[in-house]
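Per-entry structural report
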Amino acid sequence: MKSIRDMSDSEIIESIQSGGLTICVIGIGRIGLPTALSFANSGLSTIGVDINENLVKMINSGNFPLKDEPGYDVIFNKVIHEKKFRATSNFTEGVNASDVIVLSLPTPMDEKNIPDYSALLSVAQKLHDEMSEGKLIIIESTVEPNFVEKDFLEILEGNDKKLKSGKNFSLGVCPETANPGQILNDFERLPRLVGAIDKETQNLIIKIYKHVFTVDLIPMPDCKTANAVKLTTNVFRDLNIAFVNELALIFEKAGIDIMTVLEAAKTKYNFQVHYPSAGVGGPCLPVNSYQMINFAKNFTSKTFGLVEDGRKINEKMPFHTVELLEDALNEINLPLSNSSILVLGVSYKPDVKDIQLSPVEKIVEILQDKGANVLIYDPYFKDSTIFGIKTLDDFVQCLENCNGLIIATAHKDFHNLEPQFLKSKMKNPIVIDSKNIIDQYLAKSVGLIYRGIGRGK
Ligand SMILES: NC(=O)c1ccc[n+]([C@@H]2O[C@H](COP(=O)([O-])OP(=O)(O)OC[C@H]3O[C@@H](n4cnc5c(N)ncnc54)[C@H](O)[C@@H]3O)[C@@H](O)[C@H]2O)c1
């Protein structure tokens, strides 16, 4: 059978439309699983490869693991029923049964904030050792510019001249930009960037992705530019949040309400609003800033000042949140030590069941270091142990037992919290609103001791 690289344009189109191509997605987590399901839903046979055997078993027994991704439960049931999608932990079988290999592997950072590309590099080595010729490889993971062209390709090609990009395999990137909790919506809406080692590969990727995703596919001059765009959008957000966080710290002292300022500022056509908070978490924003910093080190002996400073500000916010709590407790002469503090929400963003790099972990750690007894309530984490603490299920009982609470994640459930209700249930009426979701004037008028970030006393 012809490899995808040897097919004519019409043969490729025919294979795509008849569902004759097989896709292998390696890494079927938060992003990789929805990606694989989208390929399968478009009629292409799709195999998901993952080292997590429990996940593979769960998927093959028909249990959808991403309950907080609306829409994909239905697609999952459909493609499993149609036998268009299956999972395996057998790398070689998945890869060699496929024409196209999509990599959605994790790219976290280590404890010193250095990007960790080990999953991609170990897969590059396995592809070198085990992949047959003629495949198209597409990296969707977020990596810094030049990683694909240098580190990844060097290992994939190896020294034995067995594999050569553009000769007996093709390589490109399509950095993923979807937001957890709304991946289906984003896959139907957000343009995708396509970079590749040569024009033919880029055209090939665009043809295949056009069949699966009904969005604009934007050709990039090369892989490094596509990856630079992905990092730029997320570093932009991280930095803008750092900017409003820094303003919040100053405005608090000056008696200026940051939320009033931002609501008015956003009436100006070229102001893009960002909001202050207890920090920035998740597998993307903090990591992407450190990837950019790591990338910049190759070109400047100086530090990448602005991005590094932004990180420092955002990493300071959990400490500031606890300072606000201590200040509020002080008003009723209660020390933080031995107080019971209820933390509402542990996810790094609203309405997802995900605690990766959540700043709430830092808040909990600081509270515990200061001797507080930490209680956790999160509608997405009932009956669980999070950050070493058993979560609580009875919200009212939590309120009755705490000396103060911190709203740490803006889950929808918390937006409806009535100040009067909190006042009537809480042992001590102390509310730290790190998401500024409660009406501060109402909160104060009913007698809550309220602090929001950037809102003053
Ligand atoms: N989650 C997001 O919000 C988001 C958004 C856009 C882009 N991204 C990027 O997408 C990539 C994937 O992120 P994610 O959030 O889906 O990660 P994830 O941790 O949810 O999923 C990664 C999956 O890869 C598997 N895996 C790890 N090593 C493997 C190996 N050697 N072989 C096979 N499988 C392996 C893991 O078991 C896991 O199931 C990252 O580069 C991330 O930066 C993530």
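Before any of the text, the structure's been laid out above.
Summarised in this report is the structure supplied together with it.

The rules behind the values
- Residues numbered from 1 in each chain as written.
- Predicted model: local features only at pLDDT ≥ 70, side-chain atom pairs only at ≥ 80, totals over all residues.
- Heavy atoms only, no water.
- Salt bridge = Lys/Arg side-chain N within 4 Å of Asp/Glu carboxyl O.
- Helix = DSSP H or I, 4+ residues; strand = E, 2+ residues; numbered from the N terminus.
- Buried < 20%, exposed > 50% of the residue type's maximum accessible area, 1.4 Å probe, protein only.
- Contact = heavy atoms within 4.5 Å.
- Axes fitted to C-alpha atoms, helices over the stretch in contact; angles between N-to-C directions.
- Parallel < 35°, antiparallel > 145°, perpendicular 65-115°, else oblique.
- Left-handed = near helix turned anticlockwise from the far one by under 90°.
- Nonpolar A, V, L, I, M, F, W, Y, C, P; charged D, E, K, R; others polar.
- Near = heavy atom within 4 Å.
- Polar contact = N/O pair within 3.5 Å; in protein donor to acceptor, adjacent residues only side chain to side chain.

Turning to the pattern of salt bridges, a few remarks are in order. Applying the stated criterion across every chain, the model contains 22 salt bridges. In this structure, K362 and E365 form a salt bridge, with 3.0 Å as the shortest nitrogen-oxygen distance. Pair noted here: K362 and E365 are both in helix α14 (residues 359-369), with a separation of 3 residues, about one helical turn. Judged by relative accessible area, which is 31%, K362 ranks as partly exposed. One network of salt bridges, in which partners are shared, links R30, D68, E69 and D354.

Glancing now at the side chain of N146. Inspection of the secondary structure puts N146 in the loop between β5 (136-139) and α7 (148-157). Among all residues touching N146, those that are not within four sequence positions of it are D151, K224, F295 and F299.

Turning our eyes to something else, we now look at the packing of helix α13 (residues 305-330) against α14. Axis separation between α13 and α14 bottoms out at 9 Å; the angle between their running directions is 50°. One element, α13, and the other, α14, form an angle in the oblique class. Viewed along their axes, α13 and α14 form a crossing whose handedness is right-handed. Residues P318, F319, T321, V322 and L325 of α13 touch α14, and the partners they reach there are P359, K362, I363, I366 and L367. Here the contact of α13 with α14 is built from residues that sort into 8 nonpolar, 1 polar and 1 charged.

Here we take up the site of the ligand. By nearness alone, 24 residues border the ligand, and I31, D50, T107, T142 and P180 come closest of all. With respect to the ligand, the backbone of I31 contributes an N or O atom lying 2.9 Å from an oxygen atom. Interatomic distance of 2.6 Å between a side-chain N/O atom of D50 and an oxygen atom of the ligand. Ranked by residue count, the leading element in the shell around the ligand is helix α6 (residues 118-130), at 3 residues. A per-class count over the shell around the ligand returns 12 nonpolar, 8 polar and 4 charged.

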